[in-house]
Structures are given as structure tokens and as C-alpha cells.
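# Fold and contact review
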Amino acid sequence: MKLPSFLCALFLLPAGLAAAEKTLDIYFIDVEGGQATLIITPEKQSLLVDTGWPGFEDRDADRIVKTAKKAGLKKIDHLLITHYHRDHVGGISQLLQKMPVVNFLDHGPNRETGLPAEQLMNAYLKAAATGQRLSLKAGEKIPLKGADLTAVSSDGELLPAAGTANPLCAGAARKADDPTENARSLGFLLTFGKFTFLDLGDLTWNKELDLACPANRLGPISVYLTTHHGMDASGPKELVHALRPRVAIMNNGSKKGGSPSAWQIVRSSPGLEDLWQLHYALAGGKENNAPDAFLADTAEFGTGNYIKLSASKDGSFTVFNSRNKFSKTYAAR
């Protein structure tokens with residue numbers, strides 16, 4: 001029996017073209033120098049990393065919810081709090097008033113003391129009581145359907161030592177140990193086929209050095225969210241250059257993060273193709289900022305723009321700027 005011509009054409013199509021390929025999508029939402037990163041797997045399970053700042057007439061919660069609804073979400077399956085600072089967990093109460101959250105992931109207790117720290121922790125515990133809470137240890141998997149997420153740092157502990165010797169470590173300079181929540185950030189490595197993405201929250205210099213020296217525990221990655229908004233208290237070249245990211249995303253604000261010295265370390269990383277930023281960093285000048293096409297916001301105060309990344313299992317991915325609709329595709333390797 002002779003098949004109709006349209007069926008013959010369908011059978012001749014490569015498998016990936018016969019149906020639209022499902023991608024893993026990551027939205028880097030502008031919360032003015034905090035963090036709100038929304039990850040959505042091909043199975044439509046979601047993970048939001050941090051909630052941005054409190055106040056500002058619900059600005060950050062509104063930006064998160066608007067982006068989540070644009071992505072077709074009615075709830076957040078997992079909310080991961082990297083650490084208990086205002087720019088990362090401060091917006092949690094406002095967020096839960098606008099969108100439900102099912103599961104809460106964290107590094108354990110807040111190790112800072114004083115009234116502001118207690119208030120942040122109490123707000124988080126009240127929110128987490130509405131769902132299921134899980135404190136993760138370094139090396140544990142994050143329960144997410146459709147992608148593999150591994151905690152690589154948590155409560156000051158790191159992924160067990162392994163990996164190849166890092167030649168960049170010779171003469172590596174350490175800084176004073178950081179006693180704050182930053183050094184206890186819950187950081188993770190996401191793997192989707194051949195695509196990998198690293199988010200270390202606000203992990204600081206010495207902890208990052210320990211991840212990279214004397215052996216690189218993380219290996220090369222596809223995309224790197226610059227640690228600590230691109231501040232020079234984080235991001236040693238011994239780690240960043242060992243990661244060899246193809247693309248880096250900087251979740252900085254106009255006056256927060258984007259430090260010229262930290263920017264230069266990222267930009268000079270071997271193999272880096274592009275550095276995208278949520279804001280033009282005023283302190284950096286043109287020589288220490290990405291070109292206009294790669295900036296989600298060029299004004300001092302943002303309007304809720306985002307950078308969207310869509311990844312395929314073969315390791316290819318596309319990055320899109322919601323401000324100017326510019327996109328760039330990075331081919332599989």
C-alpha cells in the first residue's frame with residue numbers, strides 16, 4: 001500500500017523534528033541585585049531559587065509571579081533558599097501570598113544571630129510550614145523530575161573531594177574566613193543530558209577555593225551563574241577558570257555586584273563565549289560591562305526584564321533577552 005505523501009515526509013524527518021523538542025528552561029529574573037532564578041524541566045516541574053527582596057510594594061514577588069505565569073505555572077513545586085539574607089529570602093512572605101509553594105529546600109538553621117536574622121528565619125519557617133521542608137547536605141540530590149540536581153555546598157560543607165588536579169591552584173591566595181550566611185550557601189550543579197548549570201548562591205572566596213583546589217570537584221560546565229552577584233568577595237579565578245563555562249550569567253544590580261575585578265575574572269575565563277548581565281553595572285564603565293545586546297536592563301532601576309535560557313539534552317542552548325528580544329544559540333559540542 002502506498003502511503004500518502006505527507007506521511008512519507010513525516011517518516012523522513014529526523015526524530016527531533018517530528019515533534020517539538022522539550023527543553024529545560026531557566027529564567028533569570030531581575031530582582032535588583034538579589035536572586036530569583038526559575039528552573040522548569042521538560043516535565044513542567046519547577047524549582048525557584050530564592051525570592052528576592054522584601055518590600056518595594058511587592059516588586060520582586062510580582063516579577064517572579066509574572067514570569068512564572070508566563071511560563072504556564074500555577075504553583076512552585078520546589079523553592080530552594082540558598083541562604084538567609086534579605087536579598088535572597090526576604091521576599092518569601094510576599095511570594096506566598098501570590099502563588100503557592102509545595103516543597104521548601106534549605107541548608108538548615110540560620111547561623112547568624114540578632115533580631116534581623118531571627119526575623120528572616122521566622123518568616124522562612126512560617127512559610128515552610130505551609131508545605132514540606134527538606135534541609136540538604138552537600139552531595140545529596142535535589143528531588144526534581146526531568147533533571148539531576150546535586151547540592152555541592154551546604155551549611156559550610158562541600159561536595160566530597162574528587163576530581164582532577166587543578167594546575168591553577170599554585171600560589172592561590174586565600175582571604176579572611178567569612179563567618180556569615182554567605183559561606184553557608186546551598187549551591188547546586190544541575191545536569192540535563194550534556195548541559196550543566198552551576199549556582200553557588202553567595203558562596204564566598206575560601207569555600208570556592210576549596211571546591212577548586214587542589215582538585216577541581218565540579219569539572220567543566222556549560223553555564224555559570226556568577227557567585228554573589230559578581231562581587232569581588234567571591235569568584236576566584238582558580239574556580240571560575242577551572243569551570244571553563246561557555247556562558248556566564250551575572251544577576252547583578254546597577255549598584256550591586258558587577259565589580260570590575262570580578263567581571264574581568266569571569267570574562268577572561270578560558271573558553272567563555274559570552275557574559276550576560278541583568279543590569280549594566282555603573283561602577284564598571286563600558287570596559288567592564290557586556291555589550292548592550294547582552295544586558296537585560298541598562299537603567300539604574302529595572303522594569304522586571306529577564307534572561308531566559310532554554311537547554312537541550314545534546315548540550316546546545318539558546319539565551320534570550322526579554323528587553324530587546326535578542327537571542328543567541330550555542331551549538332552542541
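For the structure, check the block above.
Residues numbered from 1 in each chain as written. Predicted model: local features only at pLDDT ≥ 70, side-chain atom pairs only at ≥ 80, totals over all residues. Heavy atoms only, no water.

### Comments concerning the pattern of salt bridges
The full count for this structure, using the stated rule, is 17 salt bridges. Across the pair Lys256 and Asp87 runs a salt bridge whose closest N-O atoms are separated by 2.5 Å. On the criterion of sequence distance, the pair formed by Lys256 in the loop between strand 15 (247-250) and helix 9 (260-267) and Asp87 in helix 4 (residues 86-89) is long-range, its members being 169 residues apart. The shortest N-O distance in the salt bridge between Asp274 and Lys328 comes to 2.7 Å. Placement of Asp274 in strand 16 (residues 274-277) and of Lys328 in strand 19 (residues 327-330) is noted, with a sequence separation of 54 residues between them. Among the residues examined, Asp274 registers a relative accessible area of 9% and is labelled buried. A relative accessible area of 29% places Lys328 in the partly exposed class. One salt-bridge network, in which partners are shared between bridges, spans Asp30, Glu32 and Arg63. (Salt bridge = Lys/Arg side-chain N within 4 Å of Asp/Glu carboxyl O. Helix = DSSP H or I, 4+ residues; strand = E, 2+ residues; numbered from the N terminus. Buried < 20%, exposed > 50% of the residue type's maximum accessible area, 1.4 Å probe, protein only.)

### Some details on the pairing of strand 16
With burial as the criterion, each face of strand 16 is covered, one bearing Asp274 and Trp276 and the other bearing Leu275 and Gln277. Where strand 15 and strand 16 come together, four bridges link them in parallel fashion. Residue pairing across strands places Ala248 opposite Leu275, the latter belonging to strand 16. (Pairing = 2+ DSSP bridges.)

### Some thoughts on the nonpolar core
Phe195 and Phe197 are the most contacted members of the largest nonpolar core, which has 36 residues in total. Here Phe195 is in contact with Leu24, Ile26, Leu190, Ser222, Val223, Leu309, Ala311, Ser312, Lys313, Gly315 and Phe317, once residues within four sequence places are set aside. Judged by nonpolar contacts, the second largest core, of 29 residues, contains Val89, Met121, Tyr124 and Ala127. (Core = buried A, V, L, I, M, F, W, Y, C linked by side-chain atoms within 4.5 Å. Contact = heavy atoms within 4.5 Å.)

### Some thoughts on the packing of aromatic side chains
Throughout the structure, instances matching the rule amount to ten aromatic pairs. Taking the centre distance of 5.5 Å and the plane angle of 50° together, the rings of Tyr84 and Tyr124 count as tilted. Here Tyr84 is found in the loop between strand 4 (76-80) and helix 4, whereas its partner Tyr124 is found in helix 6 (residues 115-128), with 40 residues between them in sequence. Taken together, the ring pairs in this structure connect Phe28, Phe188 and Phe197 into an aromatic cluster. (Phe/Tyr/Trp six-rings, centres within 6.5 Å; stacked < 30°, edge-to-face > 60°.)

### Quick word on the environment of Trp263
By secondary structure assignment, the location of Trp263 is in helix 9. Residue classification places Trp263 among the buried residues on the basis of a relative accessible area of 6%. Considered as a pair, Trp263 and Leu79 are 184 residues apart in the sequence and their alpha carbons are 28 Å apart. If we skip the residues at most four places from it in the chain, Trp263 touches Met250, Leu275, Gln277, Glu287, Asn288, Asn289 and Ala290. One polar contact links the side chain of Trp263 to the main-chain carbonyl oxygen of Asn288, over a distance of 3.5 Å. (Polar contact = N/O pair within 3.5 Å; in protein donor to acceptor, adjacent residues only side chain to side chain.)

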